[in-house]
Amino acid sequence: MRIDILTLFPDMFSGVFSHSILKRAIQKGHLEVQCHDIRDYTLDKHRRVDDYPFGGEAGMVMMIEPIARCIEQLKSERDYDAVIFMSPDGVPFKQTAANRLSMMQNIIILCGHYKGIDERIRDIYVTEEISIGDYVLSGGEIAAMTVVDAVARVIPGVLNDETSALSDSFQDGLLSAPVYTRPADYKGNKVPDVLLSGNERLIRDWKLEQQLERTQKRRPDLLNS
Ligand code: SAH
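Residues numbered from 1 in each chain as written. Predicted model: local features only at pLDDT ≥ 70, side-chain atom pairs only at ≥ 80, totals over all residues. Heavy atoms only, no water.

**Re the packing of aromatic side chains**
The tally for this structure, following the rule as stated, stands at 1 aromatic pair. Ring geometry for Phe13 against Phe17: centres 6.0 Å apart, planes inclined by 10 degrees, an arrangement best described as stacked. Take Phe13 and Phe17: they sit in the same class, and that class is buried. (Phe/Tyr/Trp six-rings, centres within 6.5 Å; stacked < 30°, edge-to-face > 60°. Buried < 20%, exposed > 50% of the residue type's maximum accessible area, 1.4 Å probe, protein only.)

**Some details on the site of the ligand**
Around the ligand, the surrounding shell holds 20 residues, and the nearest of these are Met86, Gly112, Lys115, Tyr135 and Leu137. Between a nitrogen atom of the ligand and a main-chain N or O atom of Tyr135, the distance comes to 2.8 Å. One of the backbone nitrogen or oxygen atoms of Leu137 is found 2.9 Å away from a nitrogen atom of the ligand. Computed on the free molecule, the ligand has an accessible area of 560 Å², of which 85% lies beneath the protein chains in the complex. Elements supplying a minimum of two residues to the shell around the ligand: β5 (82-92) and β7 (128-131). Per-element tally for the shell around the ligand: the top contributor is β5, with 4 residues. (Near = heavy atom within 4 Å. Polar contact = N/O pair within 3.5 Å; in protein donor to acceptor, adjacent residues only side chain to side chain. Areas by Shrake-Rupley, 256 points an atom, 1.4 Å probe, with all protein chains shown as cover. Helix = DSSP H or I, 4+ residues; strand = E, 2+ residues; numbered from the N terminus.)

**What to know about the confidence of the model for the chain**
Scored by pLDDT, the chain comes out at a mean of 96, with 99% of its residues at no less than 70. Within the chain, helix α6 (residues 163-166) has the poorest average pLDDT of any element, 77, and strand β6 (residues 106-110) the best, 99. (pLDDT = per-residue confidence, 0-100.)

**Looking at the packing of helix α3 (residues 95-102) against helix α5 (residues 141-152)**
One way to put it is that α3 packs onto α5 with a least axis distance of 8 Å and a crossing angle of 70 degrees. Taken as axis vectors, α3 and α5 run roughly perpendicular relative to one another. Judged by the sense of rotation from one axis to the other, the crossing of α3 with α5 is right-handed. Across the interface between the two elements, Ala98, Leu101 and Ser102 from α3 touch Val147, Ala150 and Val151 from α5. Classifying every residue of the contact of α3 with α5 gives 5 nonpolar, 1 polar and no charged. (Axes fitted to C-alpha atoms, helices over the stretch in contact; angles between N-to-C directions. Parallel < 35°, antiparallel > 145°, perpendicular 65-115°, else oblique. Left-handed = near helix turned anticlockwise from the far one by under 90°. Contact = heavy atoms within 4.5 Å. Nonpolar A, V, L, I, M, F, W, Y, C, P; charged D, E, K, R; others polar.)

See the structure below:
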């Protein structure tokens, strides 16, 4: 899968892609990420990418031309399955969306900044809009990283043990069961006996029970959706 990220701050991404699971996904060839500096696509001699909003609001708005030029350039090179704009008024990001996007070949993720982007970019190019939560970030970069991370870990082959992504929270509409490792007894705080029993059926039942109990207690909305 290839992800092209359009941003005014490409340097923000270098760290996240060179560690842990994202690094491995890229090294193993499951994922290719290219960051494009929108500023490289302006024809303005001062390299301006933002301007005052019509109607006199406070703040700056990212201009159409550099973004359009960048998207057009990419689209002339390959077909894209989705052009995604990160936005607080987008569709709330869920595991189901991460799973769906992970099946795609090529996607573009556009990061806004300042007051946002000229609405006409959304009208002309954007095929879906994603919000990572009901709060406003300074820019779409951290939101895009969140989406790329969630998508990458469900691309088949990225995690060593493929079932480990399937047992994560939300994959089956439930929160995950608690997990433990050694020591089995930490200053009197013991791991539940069943996990040490070696009885697979009992362990499976216990995990499901824990998942249901946790979901009921913490996120009852998941059980009703
Ligand atoms: N004026 C806009 C917010 C702009 S914040 C509004 O009120 O809706 C600047 C940029 O940060 C946005 O264009 C978007 O790309 C990104 N952003 C901010 N919050 C976000 C969120 N919750 N999810 C995804 N992207 C977000």
